[in-house]
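# Working through the structure, step by step
The residues making up each chain are set out below.
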Amino acid sequence: MVASIQNTMAYIRSFVTNLRLELLFVSASCALAGMAYGSQTNRLYFLVSFLAFFLSYGFGKSLTDELSKPQRNFHTIKVNGIGLVACAAVIAIINPWNIIFAGVSILALCGYVALKKKSLLTGPIYLGIVIALLPAMGLLSMGGQLAETLRPKLIWLYVFTIFSFGNLLLMSQLKAIQTDRKLGFKTIPAILGWTKAVIVGDFFVVLSIAAAGMMINYADTFALLVFIAGSLVGIAGQIAAHITSKRGKNVSTFIISTTLRSFVLWHVAVFIGERSEWLIFACAFYFLFEVSLKLKVNSDEN
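Residues numbered from 1 in each chain as written. Predicted model: local features only at pLDDT ≥ 70, side-chain atom pairs only at ≥ 80, totals over all residues. Heavy atoms only, no water.

## Quick look at the packing of aromatic side chains
To keep things clear, this is the line we draw: Pairing of aromatic rings covers Phe, Tyr and Trp, the last counted by its six-membered ring, and requires centre-to-centre distances within 6.5 Å; plane angles under 30 degrees mean stacked, over 60 mean edge-to-face, and any other angle means tilted. Counting from the N terminus, the helices are DSSP H or I runs at least four residues long and the strands are E runs at least two residues long. Per-residue accessibility, obtained with a 1.4 Å probe over protein chains only, is compared with the maximum for each type, and a residue is labelled buried under 20%, exposed over 50%, and partly exposed between these values.
With the rule as written, the count across this model stands at 16 aromatic pairs. Ring geometry for phenylalanine 46 and phenylalanine 50: centres 6.3 Å apart, planes at 5 degrees, overall stacked. Placement of both phenylalanine 46 and phenylalanine 50 in helix 3 (residues 43-68) is noted, with a separation of 4 residues, approximately one turn of the helix. Phenylalanine 46 sits in the buried class, given a relative accessible area of 14%. What makes phenylalanine 50 buried here is its relative accessible area of 12%. Three or more aromatic residues link up through ring pairs in this structure, and these residues are Phe25, Phe46, Phe50, Phe54, Phe271, Trp278, Phe281, Phe285, Tyr286 and Phe289.

## Describing the confidence of the model for the protein chain
This is how it is decided: The score called pLDDT rates the predictor's confidence residue by residue, from a low of 0 to a high of 100.
Confidence in the prediction for the protein chain averages 86 pLDDT; 86% of positions are at 70 or higher. Across the protein chain, the element-wise mean pLDDT spans from 55 in helix 1 (residues 2-18) up to 95 in helix 12 (residues 221-243).

## Concerning a nonpolar patch on the surface
Put simply, the rule is: Each patch is built from residues lacking any salt bridge and having more than 30% relative accessible area; the joining distance is 9 Å for like charges and 5 Å for nonpolar side chains (Val, Leu, Ile, Met, Phe, Trp, Tyr). Only the protein chains shown count as covering a residue, and every accessible area follows the Shrake-Rupley method with a 1.4 Å probe. Throughout this description, the term salt bridge denotes a Lys or Arg side-chain nitrogen within 4 Å of a carboxyl oxygen of Asp or Glu.
The grouping of Phe287, Leu288, Val291 and Leu295 at the surface amounts to a nonpolar patch, some 400 Å² of accessible area in total. Looking at the secondary structure, you find phenylalanine 287 in helix 14 (residues 279-301).

## What about the pattern of salt bridges?
By the definition in use, this model includes 4 salt bridges. Note that glutamate 274 and lysine 153 form a salt bridge whose closest N and O atoms lie 3.3 Å from each other. You can see glutamate 274 sitting in helix 13 (residues 253-274) and its partner lysine 153 sitting in helix 8 (residues 152-173), a full 121 residues away along the chain. Note that glutamate 290 is salt-bridged to arginine 261, the shortest N-O span being 2.7 Å. With a gap of 29 residues between them, glutamate 290 in helix 14 and arginine 261 in helix 13 connect regions that are remote in the sequence.

## Observations regarding the side chain of serine 231
Put simply, the rule is: Pairs of N or O atoms are called polar contacts if they sit within 3.5 Å, as long as, within protein, a hydrogen donor faces a hydrogen acceptor (for residues adjacent in sequence, only side-chain-to-side-chain pairs). Here a residue-residue contact requires only that any non-hydrogen atoms of the pair lie within 4.5 Å.
Along the chain, serine 231 turns up in helix 12. With a relative accessible area of 8%, serine 231 lands in the buried category. Separated by 2.9 Å, the side chain of serine 231 and the backbone oxygen of phenylalanine 227 make a polar contact. Not counting chain neighbours up to four residues away, the residues in contact with serine 231 comprise Ile209 and Trp266.

Put into structure tokens, the structure is as follows:
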């Protein structure tokens, strides 16, 4: 019992120390884009759902990272699994249909590493689909009905989430080309090399912009400007990836941060276009994201 408590405390310290706070905004922004289409206006439902979605990426990322290691710490796997299940339980209490979506997401994450060695598209497409379930769960958490998850705008949201997250993962995999090759992981950069992988990323960005453009509220000037900003930032990241001299483990922080920034901006544009009353919240949300991103960049440089 004492040993278990000590292991858990050691995990918590490690989790907090190694937590990439900026990545929590990935799951949060996805869920918020779906939540914006819900009819629920109860602030407590919103806050509880938001916190569950916000924390879920941290547990999921830590889980897949641990599962990818040659020597795994099963206590860490167990604690992350419990954290994910707890987040799933919260949104399932709000809407029982979330049990299905959350259950599929957790099982898919657990099977990710095994598939990572078998399929070239496992990373971007497979995990992109997992992340694309978050908007559906967000909608359900805010009073949406199951049938509403198949609304045309939601379909476009899933599509652009898949490709925008796919590119985010692709750009982050560029720094691990040699490591992934040694471990036998069939990631796109490991198989195709840097240049061809970035070209694949170009297509992902184009598809993301096209799909996001199908659902942006063009009558909302602020949402439109955020969408344009996200698109320009995403394109800048791709250009930087093509011309940079820093490759492999020394991949430029600018490339990854701009790709992450475009992902968040696109999703912010979506939920602001649907819920203009969330404008102040959106500004605070994005400000905190930029702060967390700045902290990460500073720690990488030190």
